[in-house]
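Structural overview
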Amino acid sequence: MSAKIETKCIHEGWRPKKGEPRQLPIYQSTTFKYDTSDEMGKLFDLEEEGYFYSRLSNPTTDAVADKICALEGGYAAILTSSGQAANFFAVFNICEAGDHILSSSSIYGGTYNLFGVTLKKMGIDCTFVDPDLPEEELAKYIKPNTKAVFGETITNPTVSILDIEKFTHLAHSHGVPLIVDNTFATPVNCRPIEWGADIVVHSTTKYMDGHSVTLGGCVVDSGNFDWTAYPDKFPGLTTPDESYHGITYTERFGKGAYITKITSQLMRDLGAVQTPQNAFYLNLGLESLPLRIQRHCENALAVAKFLKNHEKVLWVHYAGLEGDKYHDLAQKYMPSGTCGVLSFAVKGGRQSSIDFMDKLKFISIVTHVADAKSCILHPASHTHRQMTDEQLREAGVEPDLIRLSVGIENIDDIIADIAQALE
Ligand SMILES: *Cc1c(COP(=O)(O)O)cnc(C)c1O
């Protein structure tokens with residue numbers, strides 16, 4: 001469909017035929033029926049497409065994955081049980097023990113732990129780098145066993161902007177794909193594949209759902225990375241998979257190789273599947289995504305301006321603000337807006353930030369972000385609690401940083417709540 005994004009958010013994915021439900025049906029079934037043993041056998045051999053068990057695929061979840069794929073301009077996509085599962089699968093699909101990845105150090109705390117601690121236990125090493133370094137500096141950290149480069153378009157919680165083209169160039173000139181977490185920008189404001197990224201991941205838990213209803217994730221593959229050009233680097237895709245009668249994913253599935261491997265290997269063995277019910281809720285969220293994103297951005301810019309001019313505020317980071325360190329990158333990669341999240345600090349240090357938060361009325365303290373309801377969090381006391389001060393600074397998170405996720409309530413009410421708490 002060559003329509004604009006608002007139309008795609010409504011009409012991509014589920015396309016009812018004559019007499020079928022207008023809204024995406026929930027196929028609440030673990031399994032699917034066949035008439036002959038041979039018919040089902042062909043599905044197990046990946047010789048024919050079809051549904052047989054919902055750990056591998058389900059019509060409801062597939063329709064929503066197809067919608068997100070279309071929004072990002074990808075070739076194929078799969079939903080996962082959470083954003084963490086999406087990030088894990090995106091990397092683990094092309095890495096094994098003995099491999100290495102290069103990641104921006106300004107990333108979501110959960111992903112930082114996943115890469116720095118859990119992948120390490122599996123024998124995959126990660127080097128975290130300052131994403132603002134020039135490309136020549138970044139290139140020094142690439143090793144012969146590096147299999148992927150990773151970054152976030154808008155970082156959580158420091159809301160800095162990734163120079164996607166710089167990272168694409170870095171990855172491609174070393175024969176590896178760029179994986180980008182596009183959770184905060186959403187495809188409404190930025191489509192990393194258009195800037196050369198190969199794989200896009202999402203925590204759909206955030207703006208895509210948008211109502212704090214359901215956890216979820218998505219991996220979208222552009223289909224553009226040529227795995228066969230580097231067969232020694234990606235043997236999992238370019239050599240026979242003995243657990244599938246010797247299928248070679250790139251030979252059999254071409255541009256679909258990467259996502260087919262996630263489905264048939266990682267989902268089969270690890271099972272971090274999205275449920276049809278949750279995919280249905282996610283689809284409702286996607287229908288109104290462009291409207292909400294527009295309002296989130298308008299409200300956040302107004303709040304950022306208010307905070308910037310307030311005497312009790314030490315600093316504000318919001319790339320939508322003129323003069324912000326990342327304003328130019330934001331103008332380039334997301335000219336219609338960044339997101340509803342901003343970070344700032346109240347004068348008086350860590351304790352003043354905590355006192356301010358406790359005085360808020362409807363803006364609630366929750367471990368959530370990118371939601372219709374305005375919410376707030378102090379990473380050093382909450383999400384990033386496990387990190388040392390040194391690790392916090394390495395990730396660009398100051399101990400007094402407050403992350404404010406501006407919702408879609410009336411802007412006068414949001415500012416009034418912040419103003420009374422600052423007083
Ligand atoms: C929340 C978040 C994640 C993790 O997603 P979950 O759905 O909570 O597992 C990953 N990346 C970013 C940028 C996030 O904001």
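Just so you know, the residues in each chain are numbered from 1, in the order the chain's sequence is written. Local features are withheld for residues below a pLDDT of 70 in this predicted model, meaning they are given only at 70 or higher, and side-chain atom pairs are given and counted only at 80 or more; totals for whole chains, interfaces and linings count all residues. Where side-chain values are given, they derive from all heavy atoms of the structure, hydrogens and water being excluded.

Re the sheet that holds strand β1 (residues 76-80)
What counts, and what does not: At least two DSSP bridges between two strands are required for those strands to pair. Counting from the N terminus, the helices are DSSP H or I runs at least four residues long and the strands are E runs at least two residues long. The axes used here are C-alpha line fits, helices contributing only the stretch in contact, and every angle between their N-to-C directions lies in the interval 0 to 180 degrees. We call two residues contacting when some pair of their heavy atoms lies within 4.5 Å.
Within the open sheet, the seven strands sit side by side as β1-β7-β6-β5-β4-β2-β3. Their pairing is mixed. Each edge of the open sheet carries a strand with a single partner, namely β1 and β3 (125-129). For this sheet, the mean inter-axis angle between neighbouring strands, taken without regard to orientation, is 20°. Contacting β1, β6 (199-203) and β7 (217-221), helix α11 (residues 257-270) runs over the sheet at an angle of about 30° to β1.

A closer look at the sheet that holds strand β9 (residues 341-346)
Strand order in the open sheet made by the five strands is β8-β9-β12-β11-β10, with mixed pairing throughout. The open sheet has two free edges, formed respectively by β8 (313-317) and β10 (364-365), since each of these has just one partner strand. With four bridges connecting them, β8 and β9 associate as antiparallel partners. When the sheet's bridge partners are listed, Trp315 is paired in β9 with Ala345. Packed onto the sheet, helix α13 (residues 289-308) meets β8, β9 and β12 (402-405) and runs at close to 15° relative to β9.

Observations regarding the packing of aromatic side chains
Put simply, the rule reads: Each Phe, Tyr or Trp ring, with Trp reduced to its six-membered ring, pairs with another whose centre is within 6.5 Å; inter-plane angles below 30 degrees give stacked pairs, above 60 give edge-to-face pairs, and intermediate values give tilted ones. Either the NZ atom of lysine or the CZ atom of arginine qualifies as a charge over a ring when it sits within 6 Å of the ring centre and within 35 degrees of the ring normal.
Here the structure, examined in full by the defined rule, presents 15 aromatic pairs. Members of the aromatic cluster, each reached through a chain of ring pairs, are Phe225, Trp227, Tyr230, Phe234 and Tyr258. In this arrangement the basic side chain of Lys206 is found over the ring face of Tyr108, its NZ or CZ atom lying 5.0 Å from the centre.

Some remarks on α11
Test applied: Expected helix span is taken as 1.5 Å per residue step, with the number of steps being one fewer than the number of residues. For every residue, the accessible area (1.4 Å probe, protein chains only) is compared with the maximum for its type, and the residue is labelled buried under 20%, exposed over 50%, or partly exposed between those bounds.
Spanning 14 residues, α11 covers 18 Å between terminal C-alpha atoms, matching the ideal 20 Å at 1.5 Å per step. Of all 14 residues in α11, eleven are buried, a share of seventy percent or more. Within α11, the full set of buried residues consists of Ala257, Tyr258, Ile259, Thr260, Lys261, Ile262, Thr263, Ser264, Gln265, Leu266 and Met267. On its buried face, α11 is in contact with β1, α4 (83-92), β6, β7, α9 (235-238) and α10 (249-253).

Things to note about the pairing of β9
Summarising burial for β9: six of the six residues are buried, a large majority. Going residue by residue along β9, you find Val341, Ser343 and Ala345 tucked away on one face and Leu342, Phe344 and Val346 tucked away on the opposite face as well. The pairing of β9 with β12 spans four bridges and is classified as antiparallel. The residue of β12 that forms the bridge with Leu342 is Leu404.

Quick look at the packing of helix α12 (residues 276-287) against α13
To be explicit about the condition: Just so you know how the angles are binned, under 35 degrees is roughly parallel, over 145 roughly antiparallel, 65 to 115 roughly perpendicular, and the rest oblique. Throughout, the ten residues Ala, Val, Leu, Ile, Met, Phe, Trp, Tyr, Cys and Pro are labelled nonpolar, Asp, Glu, Lys and Arg are labelled charged, and all others, Gly among them, are labelled polar.
Where α12 meets α13, the axes come as close as 5 Å, and the angle between the chain directions of the two elements is 60°. In terms of axis orientation, α12 runs oblique to α13. For the pair α12 and α13, contact is made by Gly285, Leu286 and Glu287 and by Leu289, Pro290 and Arg292, respectively. A class-by-class count of the residues in the contact of α12 with α13 yields three nonpolar, one polar and two charged.

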